[in-house]
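Spelled out from the first residue to the last, the chains are:
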Amino acid sequence: KEALTKLLTEKNILFRIMHHKPVYNIAEAAQVEGIEPSKIVKNMLMKDDNGFFLIVLQGNKRFDLDKIRAVRKSKKVRMATPEEVKEQTGVEIGAVNLFSHPNVVVDKGVMKLEEINVHPDDNTKTVYFPAKFLKELVPGIIVADIGKV
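This is a predicted model, so every value here is computed, not measured.

1. Side note on the sheet that holds strand β7 (residues 115–118)
Taken in spatial order, the 3 strands line up as β1-β8-β7 in an open sheet, and their pairing is antiparallel. Pairing within the sheet leaves two strands with one partner each, and these edge strands are β1 (16–19) and β7. Each strand of the sheet is rotated relative to its neighbour by a mean of 25 degrees, with strand direction disregarded. Where β7 lies against strand β8 (residues 125–130), 4 bridges are found, and the strand directions are antiparallel. Along β8, the bridge assignment pairs asparagine 117 with tyrosine 128. Along the sheet, helix α1 (residues 3–10) makes contact with β1, β7 and β8, crossing β8 at roughly 20 degrees.

2. Concerning the nonpolar core
A general feature of soluble globular proteins is that nonpolar side chains tend to end up buried together. Val110, Ile116, Phe129 and Leu134 are the most contacted members of the largest nonpolar core, which has 27 residues in total. Mapped onto this core, the elements with two or more residues apiece are α1, β2 (41–48), β3 (51–58), β6 (104–107), β7, β8 and α5 (134–137). With 3 residues, the single largest contributor to this core is β3. Here leucine 134 is in contact with Leu98, Val106, Val110, Met111, Ile116, Phe129 and Ile141, once residues within four sequence places are set aside.

3. Some remarks on the environment of isoleucine 35
Among the secondary structure elements, isoleucine 35 is positioned in the loop between α2 (26–33) and β2. Taking relative accessible area as the criterion, isoleucine 35 reaches 27% and is therefore assigned partly exposed. Here the alpha-carbon distance between isoleucine 35 and glutamate 83, two residues 48 residues apart in the chain, equals 30 Å.

4. Here's the deal with the packing of aromatic side chains
Summed over all chains, the structure comprises 1 aromatic pair. With 6.5 Å between their ring centres and 50 degrees between their planes, phenylalanine 99 and phenylalanine 129 make a pair best called tilted. Pair noted here: phenylalanine 99 is in the loop between α4 (82–89) and β6 and phenylalanine 129 is in strand β8, with a separation of 30 residues, a long-range link. Given a relative accessible area of 0%, phenylalanine 129 falls into the buried group. Across the ring face of tyrosine 128, the terminal group of arginine 16 is positioned such that the distance to the ring centre comes to 3.9 Å.

Reading guide: rules and limits
- Residues numbered from 1 in each chain as written.
- Predicted model: local features only at pLDDT ≥ 70, side-chain atom pairs only at ≥ 80, totals over all residues.
- Heavy atoms only, no water.
- Pairing = 2+ DSSP bridges.
- Helix = DSSP H or I, 4+ residues; strand = E, 2+ residues; numbered from the N terminus.
- Axes fitted to C-alpha atoms, helices over the stretch in contact; angles between N-to-C directions.
- Contact = heavy atoms within 4.5 Å.
- Core = buried A, V, L, I, M, F, W, Y, C linked by side-chain atoms within 4.5 Å.
- Buried < 20%, exposed > 50% of the residue type's maximum accessible area, 1.4 Å probe, protein only.
- Phe/Tyr/Trp six-rings, centres within 6.5 Å; stacked < 30°, edge-to-face > 60°.
- Lys NZ or Arg CZ within 6 Å of the ring centre and 35° of its normal.

Structural data, given as structure tokens:
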């Protein structure tokens with residue numbers, strides 16, 4: 001749980017932490033954090049012909065399966081089951097974050113945000129850091145148009 005704040009500190013990236021009641025979806029997070037859903041990121045574990053991967057979208061967007069299939073060059077894409085999420089990430093649904101899995105596809109809209117917010121494997125805490133450092137912090141991420149409003 002402290003790995004993210006340690007990483008941010010080591011890289012001299014300013015961040016802030018908000019402690020709050022447990023949140024399990026974007027609506028709850030927006031209410032607790034006092035920000036619009038479009039400024040919150042959501043993370044979902046998916047599975048396709050190539051294996052498991054994480055998608056990261058703004059809270060007001062939905063994923064577009066056709067776009068994801070094109071980016072991943074796969075035929076079948078589905079959301080991971082709660083059991084697969086726990087097995088692949090070590091955390092429950094609601095605590096998954098962009099550091100929870102090594103294969104990450106980020107919607108291009110996320111890169112335009114001023115801040116990224118992350119629940120560091122704990123849905124009672126949110127860590128905020130500048131979005132411009134995302135590629136440095138998550139090597140190998142793929143940025144693509146995978147969302148729709």
